[in-house]
Amino acid sequence: MQNFPANFHALVIGASGGIGAAFLKLLEAEQQCGQVIGLHRSSQPAIDFDDESSIADAAQQLQAYAPFHLIINAAGLLHTDDWMPEKKLGDLNFAQMQKTFQINTFGPALMLRYFTPLLDKQRGVIAMLSAKVGSIGDNQLGGWYSYRASKAALNMLVKTASIELKRSHPNTVCVALHPSTVNTALSRPFRGEQIGRAAPVAAQDMLNLLDTLSAKDSGEFFAYDGLRLPW
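Let me begin by describing the structure that accompanies this report. (Residues numbered from 1 in each chain as written. Predicted model: local features only at pLDDT ≥ 70, side-chain atom pairs only at ≥ 80, totals over all residues. Heavy atoms only, no water.)

As for a nonpolar patch on the surface
We apply this condition: Candidates for patches are residues over 30% relative accessible area with no salt bridge; among them, like charges are joined within 9 Å and nonpolar side chains (Val, Leu, Ile, Met, Phe, Trp, Tyr) within 5 Å. With residues, only the protein chains shown are counted as cover, and all accessible areas are computed by Shrake-Rupley using a 1.4 Å probe. Any carboxyl oxygen of Asp or Glu within 4 Å of a side-chain nitrogen of Lys or Arg constitutes a salt bridge here. Starting at the N terminus, helices and strands are each numbered in turn, a helix being any DSSP run of H or I of at least four residues and a strand any DSSP run of E of at least two.
A contiguous nonpolar patch, built from Leu 89, Leu 92, Phe 94, Met 97 and Tyr 145 and spanning about 470 Å² of accessible area, is present on the exposed surface. Note that Tyr 145 resides in helix H4 (residues 145–168).

Pasting the structure below:
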């Protein structure tokens, strides 16, 4: 990662998931990276997108390790043991929508609030894992109501935050990333093991992309291979 400073500091949120763990391992092996911290529900400090105070407390505790040059949010929710993505309007229910938005939208929004002040002002990159199915312009199949809508809302948060950050952190890059289908627990019910890429491969592609981005790319929605996706 040649466009980050020597001994840069990185932070991965959602580091216990398949893609998050892959990001963490790759950054630990990256010679340019001086320190990488992974946060999840059982880390120290812990972070739980169901609990705003945990997000604020984690940011407070990590001030000692700031500034961060790279912050990645890899947390996300598509399904649980109790429910799968909705196929039709008749499947919609409040509990599923609330939980999906809590993890995919509300938690990341609060993460932006509390963690962007920890970014380095000269070279700060914050990336939020989104999904191509969150693109309104690309939606050809319908279905997956809560997941699509939560990721579309996340994309709007990224775009809006990027505009504010241009005023206070003009060199900052704030982007949404589509990792493609990756062989993780999230995609397993949808043939992820057969059609998904390995998490380390997907994470490496996204790190390679993030290394190339500059302030002019802030507020954009990218696929892992650098393709700009429609909102």
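Regarding the sheet that holds strand E3 (residues 70–73)
Applied cut-off: Two strands form a pair only when DSSP identifies at least two bridges running between them. Axes here refer to lines fitted to C-alpha atoms; in helices the fit is confined to the stretch in contact. Angles between the N-to-C directions go from 0 to 180 degrees.
The strand order E2-E1-E3-E4-E5-E6 describes an open sheet built from 6 strands, whose pairing is parallel. Strands with a single pairing partner mark the edges of an open sheet, and in this sheet they are strand E2 (33–39) and strand E6 (221–223). Geometrically, the sheet is characterised by an average inter-axis angle of 20° between neighbouring strands, direction not taken into account. Pairing between strand E4 (residues 125–129) and strand E5 (residues 173–178): 5 bridges, direction parallel. Paired with Met 128 across the strands is Ala 176, a residue of E5.

What to know about the packing of aromatic side chains
What counts is decided by this rule: Only Phe, Tyr and Trp rings take part, Trp by its six-membered ring, and two of them pair if their centres are within 6.5 Å. Stacked means planes under 30 degrees apart, edge-to-face means over 60, and tilted covers everything else. Per-residue accessibility, obtained with a 1.4 Å probe over protein chains only, is compared with the maximum for each type, and a residue is labelled buried under 20%, exposed over 50%, and partly exposed between these values. Our definition puts a charge over a ring when NZ of Lys or CZ of Arg is within 6 Å of the ring centre and also within 35 degrees of the ring normal.
For the coordinates displayed, the defined rule picks out 4 aromatic pairs. Their ring planes at 20° and their centres at 5.6 Å tell us that Phe 221 and Trp 231 sit as a pair that is stacked. Taken together, the residues Phe 221 in strand E6 and Trp 231 in the segment after E6 connect sequence positions 10 residues apart. Owing to a relative accessible area of 0%, Phe 221 belongs among the buried residues under this scheme. A relative accessible area of 35% places Trp 231 in the partly exposed class. Between Arg 123 and the ring centre of Phe 4, over which it is positioned, the NZ or CZ distance is 4.4 Å. For the cation-ring pair, Arg 197 lies above Tyr 224, with the distance from its terminal atom to the ring centre recorded as 3.9 Å.

Some words on the packing of helix H1 (residues 18–29) against helix H6 (residues 199–212)
Going by this rule: Left-handed describes a crossing whose near helix is turned anticlockwise from the far helix by less than a right angle; the clockwise case is right-handed. Throughout, a residue-residue contact means that at least one pair of heavy atoms, one from each residue, lies within 4.5 Å. Each residue gets one of three labels, nonpolar for Ala, Val, Leu, Ile, Met, Phe, Trp, Tyr, Cys and Pro, charged for Asp, Glu, Lys and Arg, and polar for the others, Gly among them.
For the pair H1 and H6, interaxial distance at closest approach is 8 Å and the crossing angle is 65°. The way H1 lies across H6 gives a crossing that is right-handed. Across from Gly 18, Ile 19, Ala 22, Phe 23, Leu 26 and Leu 27 in H1, the residues of H6 making contact are Ala 199, Pro 200, Ala 203, Gln 204, Met 206 and Leu 207. Its residues placed into classes, the contact of H1 with H6 shows 10 nonpolar, 2 polar and no charged.

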